[in-house]
Amino acid sequence: MSPAIPYEQHLNPAQLEAVFYNKSPLLVLAGAGSGKTRVITYKIAYLINECGVKPGNILAVTFTNKASSEMNRRVQALVGENIEIWVKTFHSTAARLLRTMGSHFGIDAGFTIIDQQDQKVMVRKIIKDINLDTETYKPEKYTYLIERAKDRLLDPDTAYSESFSTDPYFFDIYRVYEEKLKNENLMDFGDLIYRLTLGLSQNNNALALLRKRFRYILVDEFQDTNHAQYSLVKKLTLPDGNICVVGDDDQSIYGFRGARIENILNFSSDYSNTKTIKLEENYRSYQTILTASSGLIDRNPDRLGKTLYTNKGDGEKLEFYRASSDYNEASYIAGQINRLTGFDNYSYSDIAVFYRMNAQSRVFESVFSQMRIPFTVVGSLRFYAREEIKDIISYIRLVLNPRDEIALRRIANKPPRGIGPKTIDAIVNATIEKGYPFYQDGVELEIPPSRVPLVKNFLKFFIKLKDMVDKTHPLQLLKYVFSQTGYLEWLIAEKKEQKVKNLDELYNAVEEFSKSNTGAPISEFVEEVSLNQAGPEDEEYKNNSVFLITLHNAKGLEFPVVFMAGMEEGLFPHFLSGERLGDLEEERRLCYVGMTRAMEKLFLTAAENRRIYGRKIQSDVSKFIHEIPGEIIIMKEEKDFNHSGPLIDNQSLPVGHRVNRGRLEKAQPGFYRKNAAAAKKEIKVPDIYVNCRIVHDKFGGGKVLDLEKESALIKFDNGTTMKLMLQYAPITKEKDSC
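Residues numbered from 1 in each chain as written. Predicted model: local features only at pLDDT ≥ 70, side-chain atom pairs only at ≥ 80, totals over all residues. Heavy atoms only, no water.

Caption draft 1: Structural context of the overall build of the protein. Scanning the protein for helices and strands turns up 28 helices and 21 strands. Sequence-distant contacts in the protein: of pairs separated by 6 or more residues, those separated by 24 or more amount to 75%. Here the protein displays about 32,400 Å² of accessible surface, and carbon together with sulfur accounts for 48% of that area. (Helix = DSSP H or I, 4+ residues; strand = E, 2+ residues; numbered from the N terminus. Contact = heavy atoms within 4.5 Å. Areas by Shrake-Rupley, 256 points an atom, 1.4 Å probe, with all protein chains shown as cover.)

Caption draft 2: Structural view of the sheet that holds strand β7 (residues 243–247). Ordered by their spatial adjacency, six strands build an open sheet running β3-β2-β6-β7-β1-β8, and the pairing between neighbours is parallel. Lying at the two open borders of the sheet, with one neighbouring strand each, are β3 (86–89) and β8 (275–279). Adjacent strand axes in the sheet meet at a mean angle of 15 degrees when their direction is disregarded. Here three bridges tie strand β6 (residues 216–219) to β7, and the two strands are oriented parallel to one another. Looking across to β7, one finds that L218 is bridged to C244. Of the strands in this sheet, β1 (26–30), β2 (58–62), β3, β6, β7 and β8 are in contact with helix α3 (residues 36–49), which crosses β6 at around 170 degrees. (Pairing = 2+ DSSP bridges. Axes fitted to C-alpha atoms, helices over the stretch in contact; angles between N-to-C directions.)

Caption draft 3: Here's a closer look at empty space enclosed by the protein. Inspection of the entire model under this criterion finds four cavities of 30 Å³ or more. Taken as a whole, the largest cavity holds about 120 Å³ of empty space. In this structure, the largest cavity is lined by twelve residues; those nearest its centre are D115, K390, I393, R397 and V529. Only α18 (387–400) and α25 (522–531) provide two or more residues apiece to the lining of the largest cavity. Per-element accounting of the lining of the largest cavity gives the leading share, four residues, to α18. In this structure, the second largest cavity encloses a volume near 60 Å³. (1 Å grid on protein atoms, 1.4 Å probe; cavity = no way out; pocket = protein on both sides within 12 Å on 5 of 7 lines; lining within 4 Å. Points joined across faces, edges and corners; volume = space filled by probe spheres on them.)

Caption draft 4: Layout of the pattern of salt bridges. As enumerated under the stated definition, the model contains 45 salt bridges in all. Between E178 and K150 there is a salt bridge, with its nearest N and O atoms 2.8 Å apart. On the criterion of sequence distance, the pair formed by E178 in helix α9 (residues 168–183) and K150 in helix α7 (residues 139–151) is long-range, its members being 28 residues apart. The same class applies to E178 and to K150, which are both buried. For D250, the salt bridge identified is with R303, shortest N-O distance 2.7 Å. Placement of D250 in the loop between β7 and α13 (262–265) and of R303 in the loop between α15 (287–297) and β9 (318–325) is noted, with a sequence separation of 53 residues between them. Residue classification places D250 among the buried positions, given a relative accessible area of 2%. R303 sits in the buried class, given a relative accessible area of 19%. (Salt bridge = Lys/Arg side-chain N within 4 Å of Asp/Glu carboxyl O. Buried < 20%, exposed > 50% of the residue type's maximum accessible area, 1.4 Å probe, protein only.)

Caption draft 5: How the structure looks around the pairing of strand β14 (residues 598–612). With respect to burial, β14 is a largely interior element, eleven of its 15 residues being buried. Here six bridges tie β9 to β14, and the two strands are oriented parallel to one another. Directly across from E319, in β14, lies its bridge partner F603. Examined bridge by bridge, strand β13 (residues 559–564) and β14 share five bridges and lie parallel to one another. Counted as the bridge partner of F559 is A598 from β14. Where β14 and strand β15 (residues 615–618) come together, four bridges link them in antiparallel fashion. Note that in β15 the partner of R611 across the bridge is K616.

Caption draft 6: Spatial organisation of the packing of helix α5 (residues 90–101) against helix α10 (residues 189–202). Contact geometry of α5 with α10 gives a least axis separation of 9 Å together with a crossing angle of 60 degrees. By the angle between their axes, α5 is oblique relative to α10. α10 is crossed by α5, and the crossing has left-handed handedness. Of the residues in α10, those in contact with F90, H91, A94, A95, L97 and L98 of α5 are F189, L192, I193, R195 and L196. Of the residues assigned to the contact of α5 with α10, the class counts are nine nonpolar, one polar and one charged. (Parallel < 35°, antiparallel > 145°, perpendicular 65-115°, else oblique. Left-handed = near helix turned anticlockwise from the far one by under 90°. Nonpolar A, V, L, I, M, F, W, Y, C, P; charged D, E, K, R; others polar.)

Caption draft 7: Representation of the nonpolar core in the model. Judged by nonpolar contacts, the single largest core of 63 residues is most densely connected at F170, L192, L200 and V219. What L200 contacts, discounting residues up to four positions off in sequence, is F105, A206, L207, L210, L232, K235 and L236. Counting residues in each nonpolar core, the second largest holds 49 residues, with A426, V428, V455 and A520 among its members. (Core = buried A, V, L, I, M, F, W, Y, C linked by side-chain atoms within 4.5 Å.)

Caption draft 8: Unusual backbone geometry, seen in detail. Residues K414 and P415 are joined by a peptide bond in cis, for which omega reads -5 degrees. As for its position among the elements, P415 is in the loop between α19 (405–411) and α20 (421–430). Located in the positive-phi region is S163, a residue other than glycine, with phi close to 50 degrees. Note on placement: S163 falls in the loop between α8 (156–161) and α9. By relative accessible area, which is 56% here, S163 ends up exposed. One non-glycine residue with positive phi stands out, namely R372, at about 55 degrees. Along the polypeptide, R372 turns up in the loop between α17 (361–370) and β11 (375–377).

Have a look at this one:
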């Protein structure tokens, strides 16, 4: 029997109302840090425990695998039973339904899901095949346009009739792309929602089955839905209106990916008798941060409106610093990080630096490396996107779907086995292009006689692998691929040690999958890998390092300390946002999202001069800085402080104990001290002079080279030279030295 859940003890009044309300369509307008995941999980438990809804009749969808896993874990803990609940991402939900109901829509359930890298490979080949230059007609552009067309449920003909693009080549490329997907039994991410939604539009029986199955539907991050996703949700929930959506119009920041803020703004119009409940109590940030972000977002006219508050207290004022250059901006941030970690008891992983464009990370990487500050660039090359991992997965993909031309071309000559591009073309032309598996019997290949034995051995391996795939444990199958392909031996011979280690990690991943999914075939692992390519990996957040993150990737995260860099006109807001009011509003929402990631401290910075993409630009301070209430932000500029040279020494100094030259003004009470315990680090300033010998608690003996009002330049006996704040440095005079 399920345990009784003390809802009143775990939820505030607004959250309780949202959980208990179950009479009509429900819009939960959840402010940043207001506990929306808690509401969704408790509502699922309430529907099961108190309303008698069977777990299999509930569908909860969200956007990231991390969010769906966390939601599932929480629900299981609340209900107290090991029950199967549909808590999945949109793409996982659609993939599973297409696998089980594909026959209703004329879809072969054995399709392979391709990622964006594979899409670009396919589009690049199409562009070349129609005799266009891939440098002028870039695959990335057409891949993006195809994704947006599918977001709007437009096939090639409809896209053409609606003048979806002004590029005349797009429609031909889109048509050929779709033909190849169908012929090779492939689907891209956009297809999953697109094909399911169109299928349900054309098959009332299938639609009736799903409406009967899913008696209640919950949608998380509703502000991020695109047209296709919203259309799917409407098909499954109207006319009964058995739906609860949770979201925040102020955090709609993915318009460039097709997200439509209108979906949440107009929800009450699409669903009659909608109940709206606002979650406004914030559990993440201090009030000063909430007041600042609210003052900013209030400038947007198209919003449903809410007022965030917290019981955590006011906290410290925000600080804005304008440096003369992007290098000095990064140096200032590095100096602040060293103070926070050296004197305030923060760890590196408590700190994140946000920026508007990927290109901005370069200067931070350079400065942080000089300062020996450990950092992780979030969103860099993902584990499953690495060459060797994609190669091994492609071997398995190819045996699961022997019409997968992308996988075939990727691994036919990896490791080198004498099967070049022309031989692969001959195989594809004789088999896949005619709808056959690439190892079709009785096919005559137009290849040189010397290549025939090589191709036969290659095909023989896959025929044996096909016999094994359904009856062999995933780990054993993976070992077989490693050894029999010669791939692992090849990497060892080439001394690719890191790649070999990555294959060890792949083995570990398959082992963990098999433990968690007893009896599941390797095809389910491959699908999970395919569906996990849409967001940052959890591994990126496990290191004790400062995180460098674009603002778009910061959504859903939180950090005790946040630096938002590049607060300049033309950079943030981006210069392209000046063309439409809606674009400027989205830029402002992006700024709001960044600010509300901060729990305790929020720093905003700008550079008067910045070099980006090889050009030096001079910019004014962002309008967003001036939209923050002036009484809660401290404004500073580099020119207000006397210094010469760069703000940091380019020496190799001990991590966590460096300070930046010229920024040694007296700390404001509490500004650099996290709590009372940290405040005890402040000590009496010793009476020292130039050439005095001193002793540092950590670095040992040293000699004073230079003195300023509140700092000393000291050369330690270990050869390191440091500039230290005398108010905080744990140093004493060496007896009789001065």
